[in-house]
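Geometric and topological summary
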Amino acid sequence: MSKNNTEQKLNCANNVATTQRIPIQVQPVQNRTHHQNNKIHIRQQKGDLQKIRTGMNTLLVALFFLLPFISYQGRQAILFDLSEQQFIFFGTTLWPQDFTILAWVFIAAAFMLFFVTVFLGRIWCGYLCPQTAWTFIYVWIETQIEGNSNKRVALDKAPWSGEKLKKRLLKHSAWGVIALLTGCGFIAYFIPARELYIDIFTFNASFWVTTWVWFFAICTYLNAGWMREQMCLHCCPYSRFQSVMFDANTKTVTYNAVRGENRGPRKRNQVTNSGGDSALKLGDCVDCNLCVEVCPTGIDIRNGLQYECIDCGACVDACNQTMDKFGYQRNLISYTSENALSGKAEPFYESYKFIGYGIAALIMLTVIVADIHTRSNIELNVLRDRQSLYRETNDNKIENSYTLKIRNKTQQTRLYRIYVSGNNGYRLAGGVNLKIKPGEQLDYPVTVVAEPESFANSHNEITFTIAEQHNYGQVSQQSSFFAPI
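Figured I'd write up the structure that's included with this text. (Residues numbered from 1 in each chain as written. Predicted model: local features only at pLDDT ≥ 70, side-chain atom pairs only at ≥ 80, totals over all residues. Heavy atoms only, no water.)

**Thoughts on the overall build of the protein chain**
- Each helix and strand counted, the protein chain has 16 helices and 18 strands in total.
- Across the 485 residues of the protein chain, 42% fall into the buried class.
- Taking all contacts inside the protein chain whose residues are at least 6 apart in sequence as the whole, residues at least 24 apart take part in 67%.
- With the model as given, the accessible surface of the protein chain reaches about 27,800 Å², and the carbon-plus-sulfur share is 59%. (Helix = DSSP H or I, 4+ residues; strand = E, 2+ residues; numbered from the N terminus. Buried < 20%, exposed > 50% of the residue type's maximum accessible area, 1.4 Å probe, protein only. Contact = heavy atoms within 4.5 Å. Areas by Shrake-Rupley, 256 points an atom, 1.4 Å probe, with all protein chains shown as cover.)

What follows is the structure in structure tokens.
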């Protein structure tokens, strides 16, 4: 083969490789319009879903602050009294040994959350999560002081001036007040609320109370004022594992790409591919970018389902508003499922996850009801006298001494009566009627007397019973009675 032929073949191979090579183009990163130095400036959005979200957030915040001020039977209705180691919930008092009930409640709440997630996705995050509620409170304050999202972006870019300093100081002062009130609101569930607020704002609170109030105030200020979506994206574990609970029937905020693409700007009243014959080769999405600007986590829902989406519905309202202006059908972005978009009519209740989480939630609720039903309002612990096993009296009787630790777990003063039972004719020496104050634990020494001839063994069983008068209930515990053989 000649040198010229070889060069010709190499040139042909290079030409073929060049024609088959895929060209690579470096595209510039498109910054979102509501970002400035990675900061999201949420555009305020109105609509039906936002009315629901605002109403539920308002109810949540109002309950958070007002519940500690509700009184029941002369005391705070809901109170975690750490000093007395008791949890007061209206007419019920839970002690440390009753906290299994709270554990069941948290487990049941988790299964109910999973149950709702299978059906409605991350709806908790968008409508009921405290992080979302307080973030929108802070955004509302920011909007009232600094203006809409465009004005806030401009203020960020503007050099420091007296006006900018004034707005920033006013905004952060308002944030600080809300944060301090939130810290007080949280600690009010552990310390009587009416005393707490007065002590904090008159600087008379103790060191530890002040420390905890300011700790939660600082956390609120940082979470709602500065971190915001970062809590949802990087700190909240729910955002990471909630996708495990999704299936093809889960309704979540979704963009209908078949109807919306190809997206692009156009004039109003122009018919698109989905609306009829037109020269426009465009879908219904006008690429207004409002769905991105109103998103609290700064995502573009048109890129598909993303774990950052909190299902708040702001993009749904924004898109419906645009569709109305252009005369297009609503719900280009809507709460829908994968099966619904593909035209499959599979009921959500046929999902194994939906049924499984529902059954688990019902089981836990049943356990809670059974635990509450079997719970006793009296606590009894019998301790034997460790100094001696038994004593012989002058009249030839056998005595054993005990200490009864009796706790009144109710919020009312109760009258009790002590009973002993067994096979050896036991009787109590001394008083058998007791009066115990609410929540009080009484250490009551008792002596049990029996005839020596009634014993066949040195070690015998005895049962102590504490019964409330007026049939409020009773509790029993066994112990040992020793006698000589």
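**As for the packing of helix H5 (residues 130-146) against helix H6 (residues 149-157)**
- Packing of H5 against H6 brings their axes to within 9 Å, and their N-to-C directions diverge by 75°. Taken together, the axes of H5 and H6 lie roughly perpendicular to each other. Seen from H5, the contacting residues are Glu142, Thr143 and Glu146; seen from H6, they are Lys151, Arg152 and Leu155. (Axes fitted to C-alpha atoms, helices over the stretch in contact; angles between N-to-C directions. Parallel < 35°, antiparallel > 145°, perpendicular 65-115°, else oblique.)

**What about the sheet that holds strand S17 (residues 459-468)?**
- On the basis of which strands lie adjacent, the open sheet formed by four strands has the order S15-S13-S17-S18 and antiparallel pairing. Among the strands making up the open sheet, the edge pair consists of strand S15 (433-436) and strand S18 (473-482). Strand-to-strand twist in this sheet, taken as the mean axis angle between neighbours without regard to direction, amounts to 25°.
- Direction of pairing for S17 relative to S18: antiparallel, over a ladder of 10 bridges. From the neighbouring strand, Thr465 faces S18, where its bridge partner is Ser476. (Pairing = 2+ DSSP bridges.)

**Overview of the sheet that holds strand S5 (residues 78-81)**
- Spatially, three strands are ordered S5-S6-S7 in an open sheet, and the strand pairing comes out antiparallel. Two strands bound the open sheet, and with one partner strand each, they are S5 and strand S7 (92-94). For this sheet, the mean inter-axis angle between neighbouring strands, taken without regard to orientation, is 15°.
- As paired strands, S5 and strand S6 (residues 86-89) are joined by four bridges and run antiparallel to one another. Counterpart to Phe80 in the pairing with S6 is Phe87.

**What about the pairing of strand S12 (residues 398-408)?**
- Of all 11 residues in S12, nine are buried, a share of seventy percent or more.
- Of the pairings in the sheet, the one linking strand S10 (residues 378-384) to S12 comprises seven bridges and is antiparallel in character. Directly across from Val382, in S12, lies its bridge partner Leu404.
- Judged from the two bridges that link them, strand S11 (residues 391-392) and S12 form a sheet pairing that is antiparallel. Paired with Arg391 across the two strands is Glu399, which belongs to S12.
- Hairpin connection, S11 to S12: the antiparallel pair is bridged by five residues, and Asn396 has positive phi, about 65°.
- Relative to strand S16 (residues 441-450), S12 runs antiparallel, the two sharing 10 bridges. In the sheet register, Lys405 faces S16, and the bridge partner there is Asp443.

**Some words on the packing of helix H2 (residues 48-66) against helix H14 (residues 314-326)**
- Their axes nearest at 7 Å, the elements H2 and H14 cross at an angle of 150°. Compared by their axis directions, H2 and H14 come out roughly antiparallel. Here H2 contributes Asp48, Leu49 and Gln50 to the contact with H14, which in turn contributes Ala314, Val316 and Asp317.
- Broken down by class, the residue content of the contact of H2 with H14 amounts to three nonpolar, one polar and two charged. (Nonpolar A, V, L, I, M, F, W, Y, C, P; charged D, E, K, R; others polar.)

**Digging into the packing of aromatic side chains**
- What the rule picks out here adds up to 29 aromatic pairs.
- Ring plane angle 10° and centroid distance 4.1 Å describe the contact between Phe80 and Phe87, whose orientation is recorded as stacked.
- One Lys or Arg, Lys164, reaches over the ring of Trp160 and ends 4.6 Å from the middle of that ring.
- When the ring centre of Trp95 is taken as origin, the NZ or CZ atom of Arg407, which lies over that ring, is 4.2 Å away. (Phe/Tyr/Trp six-rings, centres within 6.5 Å; stacked < 30°, edge-to-face > 60°. Lys NZ or Arg CZ within 6 Å of the ring centre and 35° of its normal.)

**Digging into the side chain of Gln50**
- Mapped onto the fold, Gln50 is located in helix H2.
- Among the polar contacts made by the side chain of Gln50, one reaches the main-chain carbonyl oxygen of Gly313 at a distance of 3.4 Å.
- Those residues within four positions of Gln50 in sequence are excluded, and the remaining contacts are Gln45, Cys312, Gly313, Ala314 and Asp317. (Polar contact = N/O pair within 3.5 Å; in protein donor to acceptor, adjacent residues only side chain to side chain.)

**So, H5**
- The end-to-end C-alpha distance of H5 is 24 Å, a good match for the 24 Å that 17 residues give at a rise of 1.5 Å each.
- Looking one or two places after H5, you find Gly147, whose phi comes out positive at around 100°. (Expected span 1.5 Å × (residues − 1).)

**Focus on the pattern of salt bridges**
- Applying the stated criterion to the full structure yields 22 salt bridges.
- In this structure, Asp395 engages Lys397 in a salt bridge whose closest nitrogen and oxygen atoms are separated by 3.9 Å.
- Of the residues examined, Asp395 reaches a relative accessible area of 46% and is grouped as partly exposed.
- Where Lys405 meets Asp443, a salt bridge forms, and the shortest distance between an N and an O atom there is 3.2 Å. Of this pair, Lys405 sits in strand S12 while Asp443 sits in strand S16, and the two are 38 residues apart along the sequence.
- Judged by its relative accessible area of 23%, Lys405 falls in the partly exposed class. (Salt bridge = Lys/Arg side-chain N within 4 Å of Asp/Glu carboxyl O.)

**Some thoughts on the nonpolar core**
- Formed by 26 residues in total, the largest nonpolar core has its most connected members in Leu404, Val448, Phe464, Ile466 and Phe481.
- Of all elements in the fold, only S10, S12, strand S13 (414-421), S15, S16, S17 and S18 reach the threshold of two or more residues within this core.
- If sequence neighbours within four positions are ignored, Phe464 has contacts with Leu380, Val382, Tyr402, Leu404, Tyr419, Val420, Val446, Val448, Val475, Ser476, Gln477 and Ser479.
- One finds Ile123, Val286, Met323 and Leu332 within the second-largest nonpolar core, a separate group that totals 21 residues. (Core = buried A, V, L, I, M, F, W, Y, C linked by side-chain atoms within 4.5 Å.)

**Considering the side chain of Arg384**
- Looking at where Arg384 falls in the secondary structure, it is placed in strand S10.
- Put simply, Arg384 is tucked away with no salt bridge, and the nearest opposite charge, on Asp385, sits 7.2 Å away.
- From its side chain, Arg384 meets the backbone oxygen of Leu389 in a polar contact 2.8 Å long.
- When residues no more than four places from it in sequence are discounted, the contact partners of Arg384 are Leu389, Asn400, Ser401, Tyr402, Ser479, Ser480, Phe481 and Phe482. (Lys, Arg positive; Asp, Glu negative; His and termini not counted.)

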